[in-house]
Amino acid sequence: MMHPAMAPIRIAIAGIGNCASALLQGLVYYAKLEAGNGHLTGLLHPRIGSYAPSDIKLVAAFDIDTRKVGQPLETAVVADPNCTTQFLKRFPRYGVNVQMGPILDGVAPHMHRYPASQTFLVAKHKPANVVRVLKRSGAEILLSYLPVGSQRATEAYAEACLEAGVSLINCIPVFIASNERWAARFTKRGIPLIGDDVKGQVGATILHRTLAKLFIERGAVIDRTYQLNVGGNTDFLNMLNQKRLKMKKISKTEAVQSVLHKRLTTTDIHIGPSDYVPWQHDRKVCFLRIEGRGFGNCPIELEARLSVEDSPNSAGMTIDAIRCLRLARDRGLSGPLTAISAWTMKHPPKPMPDDAARELVKAFIRGTKT
Ligand SMILES: NC(=O)c1ccc[n+]([C@@H]2O[C@H](COP(=O)([O-])OP(=O)(O)OC[C@H]3O[C@@H](n4cnc5c(N)ncnc54)[C@H](O)[C@@H]3O)[C@@H](O)[C@H]2O)c1
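All values reported here derive from a predicted model rather than from experimental measurement.

Engineer: Explain the overall build of the chain to me, and be specific about the residues and the numbers.
Structural biologist: On a plain count of helices and strands, the chain comes out with 11 helices and 11 strands. Radius of gyration (C-alpha) of the chain: 20 Å, near the 21 Å computed for a compact globule of 370 residues. With respect to the principal axes defined by its C-alpha atoms, the chain has extents near 70 × 50 × 45 Å. Within the span of the chain, comprising 370 residues, buried residues form 56% of the whole. Taking as baseline every contact in the chain between residues at least 6 positions apart, the subset at least 24 positions apart corresponds to 77%. Within the structure as shown, the chain displays about 16,600 Å² of accessible surface, and the carbon and sulfur contribution to it stands at 54%. Side chains of the chain give 48 positive and 31 negative charges; the mean places of these two sets differ by 4 Å.

In structure tokens form, the structure reads like this:
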């Protein structure tokens, strides 16, 4: 029998959009580099415990788009409206067909007003039994990459995880790991989880947190700040609907407020997705401004512009979250993993400075901290 720590990490994904595409590409890309002893540029941890990216195996997938449901995963992942860059020439054959998920509130009404190439087209299939698919596939971790605002759909997948004994990595701003009631249910069931709302590897949140911390550590005060983000993928199209943005705004704003000594009033901090520009595709541009005062109360103004391919930026974090979660399962841990969540997520159960989270993650990997 294979030692449990040698067995592949069997993952399922809900939402085969751009983030799923980037992650799946990364798994093959880094496996090739590993084999050739090449530079693992962009990969923070070549190994976590004994686990390399090549130990992660996709065993089940859910979506609701007619161009993806029923299709082999390697076809679905390149179907419209996915538009992220392809840094991998060809996807492998996974032997996995995409299953119809429960739609619930996954698709916002305004999405129907856009051309097919830019938006979701809902399939008419009957939803699969998520618990049964998870159990039959032997999945041990489910990643949620649903659209922002999918409260009920996220809860449905979280319920399925609880029933199937599967861990959740909740990459979206619906609060599960950071919600006491949900966290307690996972703890009671003996299942570890990570959440909520994945941070980009070098993204707007970490940049904003780092610059805010710089002001504070150098004795300056911050009076007001904004972070405006524009992009042209379905994530940005979906986020045109202000009603779906409540949790995203809380998640992104708290990520910055939590590093400040004194919280800014709501009028002095403005952070969020700001517009949809279709021709930008998966390229996200962040405009950031901080106004403050330094020595002698003299003004300091800082402006930054960050341009990134949005989805690979998130995959850089999830590829580590998956392997840390497997370590937690190997060690019999349960409930929210606080340090990994603080390091990889914008709205963790226990916010902490990034350097503190990083040290705790290193200790967790070494096995000296939970
Ligand atoms: N890119 C990043 O850096 C980043 C950072 C933080 C959070 N996120 C979040 O991750 C999520 C995924 O982002 P993305 O760019 O891949 O989005 P996307 O729009 O490309 O993909 C979403 C996918 O979910 C599918 N879907 C909709 N409802 C569903 C349901 N009920 N069940 C199963 N599938 C469903 C859609 O058909 C689509 O394929 C978004 O919520 C986004 O805000 C991304």
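Text resumes after the structure shown.
Engineer: Explain the pattern of salt bridges residue by residue, including any values.
Structural biologist: For the structure shown, the criterion picks out 20 salt bridges. With a shortest N-O distance of 2.7 Å, E291 and R224 are connected by a salt bridge. Taken together, the residues span a long stretch of sequence, with E291 in strand β9 (residues 283–293) and R224 in strand β7 (residues 221–231) at a distance of 67 residues. A relative accessible area of 40% places R224 in the partly exposed class. The network of salt bridges with shared partners includes R224, R289, E291, E301 and E303.

Engineer: Which residues make up the packing of aromatic side chains, and what are the values?
Structural biologist: Throughout the structure, instances matching the rule amount to four aromatic pairs. With a centroid separation of 6.2 Å and an interplanar angle of 90°, the aromatic rings of Y114 and Y276 are classed as edge-to-face. With Y114 in the loop between β3 (99–100) and α3 (130–137) and Y276 in strand β8 (residues 269–276), the pair connects residues that are 162 residues apart, well separated along the chain. Under the relative-accessibility criterion, Y114 is labelled partly exposed at 26%. Owing to a relative accessible area of 10%, Y276 belongs among the buried residues under this scheme.

Engineer: Account for the site of the ligand, naming residues and giving values.
Structural biologist: Surrounding the ligand, one finds 31 residues, the nearest of these being D63, P102, L146, Y157 and T234. With respect to the ligand, the backbone of N18 contributes an N or O atom lying 2.9 Å from an oxygen atom. A distance of 2.6 Å separates an oxygen atom of the ligand from a polar atom in the backbone of L146. Look at the ligand: alone it shows 860 Å² of surface, and the protein chains cover 98% of it.

Engineer: Before we move on, can you summarise the pairing of β9 with the specific residues and values?
Structural biologist: Examined bridge by bridge, β7 and β9 share nine bridges and lie antiparallel to one another. Among the inter-strand pairings, N229 is bridged to a residue of β9, identified as C286. Relative to strand β10 (residues 299–309), β9 is paired through 11 bridges, and the arrangement is antiparallel. Bridge assignment links K284 to a residue of β10, and that residue is V308. In sequence, β9 turns back onto β10 through a hairpin of five residues, with G296 there showing a positive phi of about 70°.

Engineer: Can you lay out the nonpolar core for me, pointing to particular residues and giving the numbers?
Structural biologist: Counting 52 residues, the largest nonpolar core has I11, I13, L23, L58, L143, I169 and I322 as the members making the most contacts within it. Residue assignment for this core shows that the elements contributing at least two residues are β1 (9–14), α1 (18–35), β2 (56–63), α2 (73–76), β4 (141–144), α9 (310–330), α10 (338–344) and α11 (354–366). The greatest single-element share of this core, amounting to nine residues, is contributed by α9. Beyond its immediate sequence surroundings of up to four residues, I169 is in contact with I141, L142, L143, S144, I194, A321, I322, L325 and M345. Counting 30 residues, the second-largest nonpolar core is a separate cluster that includes A139, C161, F186 and I191.

Engineer: Got a sec to walk through the sheet that holds β8? Specific residues and values, please.
Structural biologist: Two pairing modes exist for strands in a sheet, parallel and antiparallel, and in both the strands are linked by backbone hydrogen bonds. Across the sheet, four strands lie side by side as β8-β7-β9-β10; this open sheet has mixed pairing. The strands lining the two open edges of the sheet, one partner per strand, are β8 and β10. With direction set aside, neighbouring strand axes in the sheet form an average angle of 10°. On the sheet, helix α6 (residues 204–217) packs against β7, β8, β9 and β10 and is oriented at approximately 15° with respect to β9. Against the sheet, helix α8 (residues 246–257) touches β7, β8 and β9, its axis set at about 135° to β8.

Engineer: Could you give me a rundown of the sheet that holds β3, with the residues and numbers involved?
Structural biologist: Pairing is parallel in the open sheet, where seven strands are placed in the order β3-β2-β1-β4-β5-β6-β11. Looking at strand neighbours, the two that pair on one side only are β3 and β11 (335–336), the edges of this open sheet. Alignment of β2 against β3, held across two bridges, turns out to be parallel. Residue D63 lies in a different strand from β3, and its bridge partner there is M100. Of the strands in this sheet, β1, β2 and β4 touch α1, which is tilted by about 155° from β1.

Engineer: An account of the side chain of S341 is needed here, citing residue identities and associated values.
Structural biologist: Among the structural elements, S341 can be located in helix α10. S341 sits in the buried class, given a relative accessible area of 0%. Within polar-contact distance, the side chain of S341 engages the backbone nitrogen of G195 at 3.4 Å. In this structure, S341 is in contact with L193, I194, G195, P348 and P349, ignoring residues within four places of it in sequence.

Rules and cut-offs
Residues numbered from 1 in each chain as written. Predicted model: local features only at pLDDT ≥ 70, side-chain atom pairs only at ≥ 80, totals over all residues. Heavy atoms only, no water. Helix = DSSP H or I, 4+ residues; strand = E, 2+ residues; numbered from the N terminus. Rg over C-alpha atoms; globule rule 2.2 N^0.38 Å. Buried < 20%, exposed > 50% of the residue type's maximum accessible area, 1.4 Å probe, protein only. Contact = heavy atoms within 4.5 Å. Areas by Shrake-Rupley, 256 points an atom, 1.4 Å probe, with all protein chains shown as cover. Lys, Arg positive; Asp, Glu negative; His and termini not counted. Charge placed at Lys NZ, Arg CZ, Asp CG, Glu CD. Salt bridge = Lys/Arg side-chain N within 4 Å of Asp/Glu carboxyl O. Phe/Tyr/Trp six-rings, centres within 6.5 Å; stacked < 30°, edge-to-face > 60°. Near = heavy atom within 4 Å. Polar contact = N/O pair within 3.5 Å; in protein donor to acceptor, adjacent residues only side chain to side chain. Pairing = 2+ DSSP bridges. Core = buried A, V, L, I, M, F, W, Y, C linked by side-chain atoms within 4.5 Å. Axes fitted to C-alpha atoms, helices over the stretch in contact; angles between N-to-C directions.

So far we have only geometry, and geometry alone does not tell us how the molecule works.
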